[in-house]
Amino acid sequence: MWHKLIKFYLWTLILFTFNNYVQLQKPGSGDNPAFFNIGGVLSNTESEKNFSETIATLNYVQTYVPRGTTYYDKTIRIDKNPIKTALNVCKHLISKRVYAVVVSHDDSSGHDLSPAAVSYTSGFYQIPVIGVSSRDAAFSDKNIHVSFLRTVPPYYHQADVWLEMLSHFGYTKVIIIHSSDTDGRAILGRFQTTSQTNYDDIDVRANVESIVEFEPKLESFTEHLSELRSAQSRVYLLYANKDDAFVIFRDAAMYNMTEAGHVWIVTEQALLANNTPIGTLGLKLNNDNETEHIRDSVYVLAHALKEMMVNETITEAPKDCDDSGVFWETGKKLFHYLKSRNIKGRTGRVAFDDSGDRIYAEYDVINIGKKNGLKVVGKFFFDDEREKMRLKINDSEIVWPGRIKKKPEGFFIPTHLKVLTIEEKPFVYVRKLTEEEIECEEDEIPCPHFNVTNGNEKDYCCRGYCIDLLKALSHRINFTYDLALSPDGQFGHYIIKNLSSTMGVKKEWTGLIGELVTERADLIVAPLTINPERAEFIEFSKPFKYQGITILEKKPSRSSTLVSFLQPFSNTLWILVMVSVHVVALVLYLLDRFSPFGRFKLTNNDGTEEDALNLSSAIWFAWGVLLNSGIGEGTPRSFSARVLGMVWAGFAMIIVASYTANLAAFLVLERPKTKLSGINDARLRNTMENLTCATVKGSAVDMYFRRQVELSNMYRTMEANNYETAEQAIQDVKDGKLMAFIWDSSRLEYEAAKDCELVTAGELFGRSGYGIGLQKGSPWTDAVTLAILDFHESGFMEALDKEWIFHGNIQQCEQFEKTPNTLGLKNMAGVFILVGAGIIGGIGLIIIEVVYKKHQIKKQKRMEIARHAADKWRGTIEKRKHLRQSLAMQRQYHVGLNSVTKSISQVVDKNRYPTLTHRGPERAWNTGALSAQDLSGRQRLNGDDIQYNIYNNRHKKPPKKPPIPTYASDVSHLVV
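Residues numbered from 1 in each chain as written. Predicted model: local features only at pLDDT ≥ 70, side-chain atom pairs only at ≥ 80, totals over all residues. Heavy atoms only, no water.

A. How the structure looks around helix H2 (residues 45-58). In a regular helix each residue adds 1.5 Å, so 14 residues correspond to 20 Å; H2 covers 20 Å between its end C-alpha atoms and thus fits that length. Taken together, the buried positions of H2 are Ser-47, Glu-48, Asn-50, Phe-51, Thr-54, Ile-55 and Leu-58. One side of H2 carries all its buried residues, which in axial view fall inside an arc of 165°. Opposite the buried face of H2, at more than 90 degrees from it, the exposed residues are Thr-45, Glu-46 and Lys-49. The secondary structure elements touched by the buried residues of H2 are strand S1 (35-42), strand S2 (70-77), strand S3 (98-103) and helix H10 (290-311). At the N-terminal boundary of H2, the capping side chain belongs to Asn-44, with an oxygen 3.3 Å from the backbone nitrogen of Glu-46. (Helix = DSSP H or I, 4+ residues; strand = E, 2+ residues; numbered from the N terminus. Expected span 1.5 Å × (residues − 1). Buried < 20%, exposed > 50% of the residue type's maximum accessible area, 1.4 Å probe, protein only. Arc of directions from axis to C-beta. Contact = heavy atoms within 4.5 Å. Polar contact = N/O pair within 3.5 Å; in protein donor to acceptor, adjacent residues only side chain to side chain.)

Structure below.
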């Protein structure tokens, strides 16, 4: 029995020890304080008492305070002097190690800076401060108030309720009037930011038509009100204090701007003015009881500390303001835990945003019924089921300005509009007035152009498709207008504009869209493409013309170069023909030369003989057959060569016929209409250097290419080539500087109909329409749309198409396409140049021949003179040689005189005067030559005697009667 009891106690001790060990291992569970001091800087005794009672009661609520934890209150009274307040915080609160401070603020006492002093002092030591009545926008700045949060919403959060009320009543255009202080600018920023982020539907989003900012402590507001009278919106959102609101309401009543047709929605402060107009709607915080806010702030703090004790190790709070180097890490963590709270309190759902400001604050919607009679007509509250804020208003209980029960329209419809347009043929033609002209013609409308760069205004006259449409609209829906041209000549695009160094950059629209967005114009009547980017900032009517995007290019023309007559055959074929001519000529020459029947000359009828076929004649024959020219001479004589000649003639016939037919196809037949097949053409998707395409910068087509991911490569290439205006691009297409211009189909079809050399390529893509541009929330939108629909049904728009876009030129271009092309000089210029080259070549060759012949004659003369001199020199040499031989012979004869039957004189006479035979004139060149027959029957002499006789026969005439020789036996006297 005792053993069992001891065993039980041992197990109990083990489990208890293990449980304590586990608890000690949890973060923040061992060294956390057992008690917490909460400071309070309150505005009155009642608040101090309520603060103490709330903390005393809190210690018994186990939901917020864990067992073993106790909260104590440390309170001081807020002082009018912020310095004294800061000193008191250090002396009476921080010295007591407070973990947080609750501060209240009495607006009626004017203690504006005292809560700020508490925030500065406590924030320096990272001690959280919870405000229960401070609503200034300055406390949202966490750079200054690093550890401040509040259970009451700031004043500028009323912009959230404004937006819900505008959405409920359907008002889309408003005028904001606010003071120039921090809260006034904060409520404007909150309104614009929340409108952009939380209201995606552009049709219900509230747009600010005008913003009026005034300095506090107004004396008069009439100057601003006189400007607001010309605005379209009649819904005024007012943020002002009580005194400034009094001045504004007073002056507005003088201009009857508080009567029927006007709507005033004001904040809490302005609602307190004693002259608030009947019908004004205002807001009032649902629960502004300081006691309730003190309770909620204490419970929020306890809720945060309870969670923090489980997850964090809480260190002791600072105890001395003199130690400036103290950084309380626990206080910084506690502030983040406080911001993440979301509890149900006495003042509603208590939660905070990143700035520590109260969200989910509830308001009452107040209506001024009778004079200074406040009536709650709606609530802005937190819906627990939907877990978001919700607005509920009883419209039937509202009394509007002018004591009427019907909700005002909220805008004023002006009947005189400022209309803008832009030069874009054929929709708008612009003509400048000359110095002699005073007014525009009957079918034109004055449209001055105001140049924003130099401030000059010039007079122009406009007519066209859109001008006729504007006239019809003005008559149909009954308005007057002033027409003007776009200030910068562009439709407008969204650009980033650099502001000052402190304000950074800003995006804004230029051109026509910019004028409409800034409300300097009421209407845009131009070929304005409807697209999502523009529709986000302006409104469009239904399209008055449906169109798309297409490509304009110049029709490809057959290149008429100087060698265009060579185009029917390829270069390879021309080379083969040239080679064939000379190969056939060579073969003809060889066949005719080696044939047994081709070597002999043929006898003509006139008795002359025909020369044999040489290589030159063979080439002449081959070219003559190919070019169909008559062959008068130099034909082949052999049978084999003539067979080849017939085959060559057949070849030439086929080549010439093919060339003639193909030449007609190249020069006369219809040319292709386009070079591109459309936007999906591979040459556009992968743009080459020799194919350039472009559009207009910042246009709807440019925006379309930016949106299309599959066209991104093409857009990057064409972006550098984009033009400022469509006129420049179209002119470059005509001049051949631009291959393809991508633009609206209506304009390009007009250009193609006007100039038959231009053509649109491919099918339409990016289909859209042209619409009338209006301001957001414009009262004219529905009327303009209905009028355009009526124009479509009645055929008026079709009539405008026929009159301005097509002009009947399409039929002319179709007839032009069906008409066959005629050959001109540019097509056949190469042939004439070839003939001219032949003539010049012939003249050049004859000059060369004449010069060459003269050179040959001179050369022959020089050869004749040289030959004559050589003959003379040769004769002299031979004479001398002959004399020496004669002397030698005389000595021989003298020695053998007795043995010779004839005398020496007879022999000498015979050799000196030989018998001359008759020579024909044709043999005159060889007169000195002696044949063997001439010497027959005579005594044969040696070679030297013969040459000597030849020389004497040339230069000495024989005597008619030679003297009779005398013979003597003694010849010694003849020896020299």
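From this point, things continue past the structure.
B. Structural view of empty space enclosed by the protein. Taken as a whole, this structure holds four cavities of 30 Å³ or more when the rule is applied. Computed from the structure, the second largest cavity encloses a volume of approximately 60 Å³. Taken together, Thr-151, Pro-153, Leu-285, Asn-286, Asn-287, His-293, Thr-347, Arg-358, Ala-361 and Glu-362 form the lining of the second largest cavity. (1 Å grid on protein atoms, 1.4 Å probe; cavity = no way out; pocket = protein on both sides within 12 Å on 5 of 7 lines; lining within 4 Å. Points joined across faces, edges and corners; volume = space filled by probe spheres on them.)

C. Representation of the packing of aromatic side chains within the structure. Inspection of every chain in the model, using the stated rule, returns 31 aromatic pairs. Ring centres of Phe-35 and Tyr-72 lie 6.1 Å apart, and the angle between their planes is 75°; this geometry places the pair in the edge-to-face category. Of this pair, Phe-35 sits in strand S1 while Tyr-72 sits in strand S2; the two residues are 37 residues apart in sequence, bridging distant segments of the chain. You can call Tyr-72 partly exposed: its relative accessible area is 41%. Members of the aromatic cluster, each reached through a chain of ring pairs, are Phe-36, Tyr-71, Tyr-99 and Trp-328. The side chain of Arg-295 reaches across the aromatic face of Tyr-299, ending 4.1 Å from its centre. Across from the ring centre of Tyr-429, 4.9 Å away, lies the NZ or CZ of Arg-463, which sits over that ring. (Phe/Tyr/Trp six-rings, centres within 6.5 Å; stacked < 30°, edge-to-face > 60°. Lys NZ or Arg CZ within 6 Å of the ring centre and 35° of its normal.)

D. Summary view of a nonpolar patch on the surface. Taken together, the side chains of Ile-839, Ile-843, Ile-846, Ile-847, Val-850 and Val-851 define a hydrophobic patch exposed on the protein surface, amounting to about 540 Å² of accessible area. Among the structural elements, Ile-847 can be located in helix H26 (residues 825-895). (Patch = residues over 30% accessible without salt bridge, like charges linked within 9 Å, V, L, I, M, F, W, Y side chains within 5 Å. Areas by Shrake-Rupley, 256 points an atom, 1.4 Å probe, with all protein chains shown as cover. Salt bridge = Lys/Arg side-chain N within 4 Å of Asp/Glu carboxyl O.)

E. Molecular detail of helix H21 (residues 726-735). Listing the buried residues of H21 in full gives Ala-726, Ala-729, Ile-730, Asp-732 and Val-733. Projected down its long axis, H21 carries its buried residues within an arc of 160°, all on one side. Packing partners of the buried residues in H21 comprise strand S28 (545-554), strand S32 (740-744), helix H22 (745-754) and strand S33 (758-774). A positive backbone phi angle near 85° is found at Gly-736, which sits one or two residues after H21.

F. Structural context of the sheet that holds strand S22 (residues 460-463). An order of S18-S22-S19 is seen for the three strands of this open sheet, with the pairing classed as antiparallel. Strands at the two margins of the open sheet, each flanked by one partner only, are strand S18 (429-432) and strand S19 (445-446). Alignment of S19 against S22, held across two bridges, turns out to be antiparallel. Across the sheet, Ile-445 pairs through a bridge with Cys-462, a residue of S22. (Pairing = 2+ DSSP bridges.)

G. Summary view of the sheet that holds S3. Spatial strand order, S2-S1-S3-S4-S5: five strands in an open sheet with parallel pairing. Each edge of the open sheet is held by one strand with a lone partner, namely S2 and strand S5 (148-150). This sheet shows a mean twist of 25° between the axes of neighbouring strands, independent of strand direction. Contacting S1, S2 and S3, helix H3 (residues 82-93) runs over the sheet at an angle of about 150° to S2. Along the sheet, helix H4 (residues 114-124) makes contact with S1, S3, strand S4 (129-131) and S5, crossing S3 at roughly 165°. (Axes fitted to C-alpha atoms, helices over the stretch in contact; angles between N-to-C directions.)

H. View of the nonpolar core. One finds Val-41, Phe-51, Leu-58, Tyr-71, Val-101, Leu-301 and Leu-338 to be the most contacted residues of the largest nonpolar core, which totals 52 residues. A per-element tally of this core places H10 first, with ten residues. Dropping the residues within four chain positions of it, Leu-58 is found in contact with Tyr-64, Val-65, Tyr-71, Val-298, Tyr-299 and Ala-302. Listed in part, the 46 residues of the second largest apolar core include Ala-484, Ile-549, Ala-726 and Val-733. (Core = buried A, V, L, I, M, F, W, Y, C linked by side-chain atoms within 4.5 Å.)

I. Seen up close, the pairing of strand S17 (residues 416-421). Strand direction decides the pairing type here: S17 and strand S23 (residues 480-485), joined by six bridges, are parallel. Residue pairing for S23: Leu-417 is matched across the bridge by Tyr-481. As paired strands, S17 and strand S26 (residues 523-529) are joined by two bridges and run parallel to one another. If you follow Val-419 over to S26, its bridge partner there is Leu-523.

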